[in-house]
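Tertiary structure, described
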Amino acid sequence: MAELVYLNGAFVPRSEAAISIDDRGFVFADAIYEVVKCYRGRPYRLDDHLARLARGAEVVRLDLDGGVGELASAVERLLRENHLLEVDASLFLQVSRGPGPRNHPFPTSARPTTLVIASPVPPLDPVTYSQGVRAITVPDRRWGMCDVKTVGLLLNVLAKQAALDAGVAEAIFVRDGVVVEGASANFFAVRDDRLITHPEGPQILPGITRQAALENAAAECIPVELRGLKVEELATIDEAFLTGTGTEVLPIVEIDGQPVGSGTRGPVTEVLQRRHFLLTRGAGIEAAGTGSGR
């Protein structure tokens, strides 16, 4: 059976789905999006993702043309008809301002282009989530509304390519000497068993998994500092990790060629990994090849 996608109110085979070359998402990056992880047919915190999409639409003055209810219904049908109820999957939801003349102001007659794609994803590599990954820092040259999840990701793309060129997994943005977030994930540091992460605001995306990690830290009585970490403080931290929809909770063991703490995944990271896995999969972090933690 052909893979179905949801496009402008219709379910069509992916091979037949087509978007106008005049669509403003293509011409101006005039679009917002979400990515949602599904665990055996269960979208993780879908309501939170849809709420963030709605907030972003309000900020950029994009009419969702009936709200997010149709997207939730489309997700349910796509997971079922694409046979994704027994495997992990990823949802991509995008809403653009729609097609119109190539002119910067909003077109008066355009209707939003709405797209939902559901695809299977491979299981996480247990070795990676046990041993951690390496990262580099890069200057943050992005625009001033990083809290809105738009498809204008060129500078994120360049940062991820710089990481690939350096043979590492992630690039960490630094703005005015302060660590803000990764190119495709939020950033956390740990020092003296205390979490440190950049507060919400226009410098970072308010990540759904980031919020879950903060809730899990509270449940584990792990203290949190919401502040910008100075780049020179990276040499003094004990642990670091990334959070994101696809990233989940991923340890960082080296930044710019220098080990983070002992150069291995730390106990606070492991505790938060385990709790995240319990909430998403109903199984312990051991499912990803990790130990018992503290």
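Residues numbered from 1 in each chain as written. Predicted model: local features only at pLDDT ≥ 70, side-chain atom pairs only at ≥ 80, totals over all residues. Heavy atoms only, no water.

1. A look at the packing of helix H2 (residues 46-59) against helix H3 (residues 69-81)
- Packing of H2 against H3 brings their axes to within 10 Å, and their N-to-C directions diverge by 140 degrees. In terms of their interaxial angle, H2 and H3 are classed as oblique. The way H2 lies across H3 gives a crossing that is right-handed. The residues of H3 that touch H2, namely those facing Leu 46, Leu 50 and Leu 53, are Leu 71, Ala 72 and Val 75.
- Its residues assigned to classes, the contact of H2 with H3 comprises 6 nonpolar, no polar and no charged. (Axes fitted to C-alpha atoms, helices over the stretch in contact; angles between N-to-C directions. Helix = DSSP H or I, 4+ residues; strand = E, 2+ residues; numbered from the N terminus. Parallel < 35°, antiparallel > 145°, perpendicular 65-115°, else oblique. Left-handed = near helix turned anticlockwise from the far one by under 90°. Contact = heavy atoms within 4.5 Å. Nonpolar A, V, L, I, M, F, W, Y, C, P; charged D, E, K, R; others polar.)

2. What about empty space enclosed by the protein?
- Taken as a whole and judged by the stated rule, the model has 3 cavities of 30 Å³ or more.
- Put simply, the largest cavity is a space of about 40 Å³.
- Lining the largest cavity are Val 179, Val 180, Phe 187, Ile 196, Thr 197, His 198, Arg 227 and Leu 229.
- Listing elements by their share of the lining of the largest cavity, those giving two or more residues are strand E9 (178-182) and strand E11 (194-197).
- Looking at the lining of the largest cavity, its residues break down into 5 nonpolar, 2 polar and 1 charged. (1 Å grid on protein atoms, 1.4 Å probe; cavity = no way out; pocket = protein on both sides within 12 Å on 5 of 7 lines; lining within 4 Å. Points joined across faces, edges and corners; volume = space filled by probe spheres on them.)

3. Some remarks on unusual backbone geometry
- Notably, Arg 40 is not glycine yet its phi reads approximately 50 degrees, a positive angle.
- Looking at the secondary structure, you find Arg 40 in the loop between strand E3 (31-39) and strand E4 (42-43).
- Residue Arg 45 is not a glycine yet carries a positive backbone phi of 50 degrees.
- In this fold, Arg 45 is placed in the loop between E4 and H2.

4. Quick notes on the nonpolar core
- Core analysis: the largest hydrophobic core is formed by 25 residues, its most contacted members being Ile 32, Leu 62, Val 75, Leu 79, Leu 91, Leu 93 and Val 116.
- Elements with a contribution of two residues or more to this core: strand E1 (4-7), E3, H2, H3, strand E5 (89-96) and strand E6 (113-120).
- In terms of residues, this core owes the most to one element, H3, which gives 5 residues.
- Setting aside its immediate chain neighbours within four residues, Val 116 contacts Val 5, Tyr 6, Leu 71, Ala 74, Val 75, Leu 78, Phe 92 and Leu 93.
- The next biggest cluster of nonpolar side chains, apart from the first, holds 19 residues, and it includes Val 174, Ala 189, Leu 234 and Ile 237. (Core = buried A, V, L, I, M, F, W, Y, C linked by side-chain atoms within 4.5 Å. Buried < 20%, exposed > 50% of the residue type's maximum accessible area, 1.4 Å probe, protein only.)

5. Here's the deal with the sheet that holds E4
- Strand order in the open sheet made by the 6 strands is E2-E1-E6-E5-E3-E4, with antiparallel pairing throughout. Strands at the two margins of the open sheet, each flanked by one partner only, are strand E2 (10-13) and E4.
- With 3 bridges connecting them, E1 and E6 associate as antiparallel partners. Bridge assignment links Leu 7 to a residue of E6, and that residue is Leu 115. (Pairing = 2+ DSSP bridges.)

6. Structural notes on the layout of surface pockets
- Its boundaries defined by the atoms lining it, the largest pocket holds a volume of some 710 Å³.
- Of all the secondary structure elements, the ones that give two or more residues to the lining of the largest pocket are E3, helix H5 (154-165), E9, helix H6 (208-219) and strand E14 (239-244).
- The element contributing the most residues to the lining of the largest pocket is H5, with 3 residues.
- Per-class residue counts for the lining of the largest pocket are 13 nonpolar, 13 polar and 4 charged.
- Looking at the second largest pocket, its volume works out to about 220 Å³.

7. Concerning the confidence of the model for the chain
- Residue-level pLDDT values for the chain average 94, and 96% of them are 70 or greater.
- Below pLDDT 50 for its whole length, residues 285-294 participates in 27 contacts with residues either more than four positions away or in separate chains. (pLDDT = per-residue confidence, 0-100.)

8. Description of the packing of aromatic side chains
- One pass over the structure, following the stated rule, counts 4 aromatic pairs.
- For the pair Phe 188 and Phe 241, a centre-to-centre distance of 4.8 Å together with 5 degrees between the ring planes defines the contact as stacked. Taken as a pair, Phe 188 in strand E10 (residues 186-191) and Phe 241 in strand E14 lie far apart in primary sequence, 53 residues in all. The two residues Phe 188 and Phe 241 agree in class, both being buried.
- Above the plane of the ring of Phe 11 lies Arg 77, whose end atom (NZ or CZ) is 4.0 Å from the centre.
- The aromatic ring of Phe 277 is capped on one face by Arg 281, whose charged end is 4.4 Å from the ring centroid. (Phe/Tyr/Trp six-rings, centres within 6.5 Å; stacked < 30°, edge-to-face > 60°. Lys NZ or Arg CZ within 6 Å of the ring centre and 35° of its normal.)

9. Focus: the side chain of Arg 52
- The topology assignment puts Arg 52 in helix H2.
- Judged by its relative accessible area of 7%, Arg 52 falls in the buried class.
- Dropping the residues within four chain positions of it, Arg 52 is found in contact with Glu 34, Lys 149, Leu 205, Pro 206, Gly 207 and Ile 208.

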